[in-house]
Structure formats: C-alpha cells, structure tokens
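Structural overview for review
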Amino acid sequence: MEENRKLWTAANDFKMTKPPVYVDEICWNELNGTGELNLLCIHPFARELEDFLRKELYCFEHGLGNCVIEPYVESPLVVYDSGFGIDEVVDIRRTDRNSEVVSRHFHILIQNMDDIQKIKEPEVILDLERTKQYTELMEEIFAGILPVVVVGARGLWFTPWDYLIRVLGIQETMLNMVEEPEFVEAVVKRYVDCAMVRMEKYQKLGIWSSNNSSCRVGSGGYGFTEDLAPREEGVRACDTRQMWGCGNAQIFSEVSPAMHMQFSLQYEMEWLKQFGMNYYGCCEPLHFKMDLMDQIPNLRKVSMSPWNNWKVAAERCKGKYVMSCKPNPAMFAVGEFHEDLARKEIEQIIKETEGCSIEIVLKDISTVDYKPQKLWRWAEIARETIEAYFG
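Residues numbered from 1 in each chain as written. Predicted model: local features only at pLDDT ≥ 70, side-chain atom pairs only at ≥ 80, totals over all residues. Heavy atoms only, no water.

1. Remarks on the pattern of salt bridges
When charged atoms on two side chains of opposite charge get close, those side chains can pair. Under the convention used in this document: We count a salt bridge whenever a side-chain nitrogen from Lys or Arg sits within 4 Å of a carboxyl oxygen from Asp or Glu. Think of it in three bands: residues with accessible area under 20% of the maximum for their type are buried, residues over 50% are exposed, and the middle band is partly exposed, with areas taken using a 1.4 Å probe on protein chains only.
Under the definition given, this model contains 31 salt bridges. A salt bridge links K363 to D364, with the nearest nitrogen and oxygen atoms 2.6 Å apart. What makes K363 buried here is its relative accessible area of 4%. On the basis of relative accessible area, D364 is assigned to the partly exposed category, the value being 34%. Where E380 meets R377, a salt bridge forms, and the shortest distance between an N and an O atom there is 3.0 Å.

Given below as structure tokens:
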C-alpha cells in the first residue's frame with residue numbers, strides 16, 4: 001500500500017516514475033461468478049459495510065489497478081442535504097434488469113425565466129448525535145480489527161451541466177445556447193449561486209474533509225500529493241484551500257471553446273477558485289480547449305477521455321498538468337476480448353504522452369459481457385505494458 005501511495009503522489013506532483021492505474025465505475029452485478037461478492041450479513045447496515053469491504057478486497061485480489069486500502073474504516077458524518085429543490089422526472093429503459101446502467105429520457109422542468117427560481121439554495125444539517133451512534137456501532141463491529149475514523153465530505157462532484165440537462169433537456173439546451181443564450185446563462189448562474197451557498201454551509205459546519213488521500217478526485221484517480229496539507233491535518237473542518245476541487249461540462253463535447261466558456265466555465269470558476277488544486281473534465285474531449293484549461297485557477301489534472309487526441313494534449317500538458325488518460329471501455333462489451341487491441345491502446349497512451357506525468361483510469365465499465373476475466377486480463381496487460389516501458 002505504501003508503494004502505491006508513493007506512486008500516486010509522484011504522478012500527481014510531476015515526479016512520475018511510472019503511470020499508476022485506477023479502475024472504477026465497475027459493473028459489479030456481472031463480476032460475482034465465483035461468489036466472492038456474496039454477502040453473509042443480515043442487517044442492512046452490516047451488509048452495506050460488508051459490501052464495501054468485499055469490493056475493496058476484490059479489486060486487490062484481482063489486481064485492478066494500484067489500489068490503496070487504508071488501515072482504518074471510515075465513519076462518514078451524517079449530513080442531511082436537501083439538494084437544489086427540483087428533482088428529475090425521467091422515463092427509463094433497461095436492457096439488463098440486474099444493471100444500474102439504463103437509458104433515460106428527461107422531462108423538461110425549467111422552460112422559461114420564471115421557472116429558474118425552482119432551483120433552491122440547499123438546506124444542510126449536520127447530525128452529530130446520529131454520527132456518534134453510527135461511529136460507536138462501527139467501533140463495536142471492528143473492535144480489535146481496524147480503527148474507525150470519522151470523516152466528512154472529501155470534496156463534491158461539482159458539475160452544473162450533469163444536473164441541469166436533467167431539468168432542461170439536452171437537445172433543448174443545445175438549441176437555447178443559440179436561440180436564448182440569456183436564459184441558459186441565467187439558469188447556470190442560479191445553480192452556481194446555490195452551490196456556493198452549499199459550500200459556505202459545509203465550511204461553517206466543519207463538514208469538509210481532506211481528499212489528499214485514497215479518495216477519488218474528479219473523474220480520475222487518487223488525490224495523494226505533497227502539495228496540500230497531509231490528510232491527517234484535515235480529517236474534519238478542512239479548508240477548501242487544502243483540498244482538490246473538480247468541474248466538467250461533459251455534454252459540451254461538440255460545443256466551441258467560446259461557448260464552453262460563456263455557458264459553463266466562467267461560472268464554474270466561482271467554485272473552482274476556492275480550492276488549492278483542481279481536476280477538470282470527464283468524458284468531453286479537451287485537447288482543443290487547452291486555452292480554456294489555462295484559465296482555470298490551480299488546475300493540476302485534466303481528464304483525457306478516449307475522444308481526446310493524447311498527442312496534441314500532451315504538447316500543452318507537459319510539465320504543467322497531469323493527464324488523466326482513459327482507455328475506451330467498449331472493448332469489454334460483447335464477444336471476444338482482443339488482448340492485442342487493449343495492449344496497443346495502452347502503448348499508444350504511453351508513447352503519445354512521453355515526458356508527461358500521467359495516470360491511466362479505466363472507468364465507465366457498463367458491462368464485461370458477464371465475463372469478469374476480461375477485466376482481470378486487462379489489468380494484467382496494463383501492468384505488463386507499463387513494466388515493459390518503465391521497468
């Protein structure tokens with residue numbers, strides 16, 4: 001575990017010795033052919049803990065990336081957060097009743113300027129009594145095995161457009177950016193203003209916790225770094241200046257840099273400038289928007305999804321941003337797993353990002369066609385390829 005911590009820290013601090021690998025967003029419903037994930041506990045709370053631990057062990061046993069399993073168990077603060085006052089209304093279609101991956105059709109809930117006020121400032125309540133109850137129960141469960149550490153929110157997934165498309169509609173938003181730009185900007189501004197209220201309430205209640213740890217940052221890997229205060233100094237009531245923040249605008253993949261700035265990034269930066277380091281991006285290609293990335297305060301890491309030109313991005317990222325490179329998970333979907341193509345893709349990433357600090361993040365694994373061996377083998381290929389290049 002300590003070796004992996006050092007590996008992640010080096011990559012995040014531009015001292016990469018070899019790329020660390022992270023595997024997440026896994027189709028767990030397809031991986032239990034051997035019964036490794038069977039739950040034996042009965043009580044719902046105990047089953048939740050057992051499920052987490054079994055998945056941690058599964059990743060370790062099958063070598064799914066450079067995982068770090070901490071020598072403690074976390075007891076999260078009990079926080080009631082009302083959200084933004086308007087929830088999606090959605091029609092769902094499934095292809096696999098056991099999978100959480102579904103197709104969605106969103107009903108439009110915000111259609112004009114008057115509707116914007118449906119987005120409300122979040123109500124946030126910290127329940128210390130309930131936190132104490134859960135923590136004492138966990139301490140009883142893990143007595144003599146693992147210590148229990150109380151933690152708060154180790155960052156939040158701040159992505160305005162992930163939320164707004166659910167109430168505005170995707171096609172409608174794209175048209176409105178041209179036909180009704182003032183409306184679109186007003187909606188985004190309202191969302192971000194409410195998000196900043198949430199941030200302030202978390203700060204006042206001491207809810208923030210350091211994510212300089214084995215905590216996923218943005219849509220990438222772990223947040224280990226020597227350039228923020230050690231996690232132990234910010235387990236509770238951490239200042240956001242000692243944390244990673246994140247942002248993205250995934251649905252803007254085909255939106256011009258100018259419109260990306262106008263309708264998203266200029267507002268996102270109100271949130272991002274509060275953090276000591278930032279991760280930006282998810283699935284959207286950003287290689288042709290690096291001028292925008294240069295305007296993000298304290299940006300440390302940039303997402304490089306399969307739709308990016310890694311070589312073009314590397315020219316701008318070298319010595320400046322860590323590249324969070326993401327192989328295409330479509331290789332697992334159906335039929336035979338082509339090992340040669342998997343190896344070729346990892347080799348391409350390594351060659352085209354030469355001289356850069358990178359991480360390799362395999363995510364969005366919606367299916368492995370109920371053949372978990374595909375995922376295990378990919379992890380082996382990643383290790384073999386990295387060792388061949390970096391020793």
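2. Overview of the packing of aromatic side chains
Defined as follows: Aromatic pairing here means that ring centres of Phe, Tyr or Trp (its six-membered ring) are within 6.5 Å. Orientation follows from the plane angle: under 30 degrees is stacked, over 60 is edge-to-face, and everything else is tilted. Secondary structure counts use DSSP, requiring at least four H or I residues in a row for a helix and at least two E residues in a row for a strand, with both numbered from the N terminus.
Following the criterion strictly, the structure yields 18 aromatic pairs and no others. Between W8 and Y222, the ring centres sit 5.1 Å apart and the planes meet at 70 degrees, which makes this aromatic pair edge-to-face. In this pair, W8 is assigned in helix α1 (residues 2–12) and Y222 in the loop between α6 (181–205) and β8 (244–247), connecting sequence segments 214 residues apart. Consider the rings of Y222 and F224, whose centres lie 5.8 Å apart with planes at 75 degrees: the pair is edge-to-face. In this pair, the class of Y222 matches that of F224, namely buried. By way of ring pairs, the aromatic residues F84, F158, Y163, Y191, Y202, W208, W271 and F275 are connected into one cluster.

3. Concerning the packing of helix α4 (residues 160–168) against α6
The relative placement of two packed helices is expressed as an angle between their axes plus a distance between the axes. Convention followed: Orientation is described by axes fitted as lines to C-alpha atoms, over the contacting stretch for helices, and by angles from 0 to 180 degrees between their N-to-C directions. Put simply, angles under 35 degrees are roughly parallel, angles over 145 are roughly antiparallel, angles from 65 to 115 are roughly perpendicular, and the rest are oblique. Throughout, a crossing is termed right-handed when the near helix is turned clockwise from the far one, and left-handed when it is turned anticlockwise from it by less than a right angle. Any two residues whose heavy atoms approach within 4.5 Å are treated as being in contact. Residues are grouped as follows: Ala, Val, Leu, Ile, Met, Phe, Trp, Tyr, Cys and Pro are nonpolar; Asp, Glu, Lys and Arg are charged; all remaining types, including Gly, are polar.
Closest axis-to-axis distance for the α4/α6 pair is 11 Å, and the angle between their directions is 125 degrees. Taken together, α4 and α6 sit at an angle that is classed as oblique. Of the two possible hands of crossing, α4 and α6 adopt the one that is right-handed. Between α4 and α6, the residues in contact are P160, W161, Y163, L164 and L168 and F183, V184, V187, V188, Y191 and V192, respectively. Here the contact of α4 with α6 is built from residues that sort into eleven nonpolar, no polar and no charged.

4. Some words on the side chain of T385
Take T385: it is sitting in helix α11 (residues 373–390). The residues touching T385, leaving out its near neighbours within four places in the chain, are R343, I346, E347 and I350.

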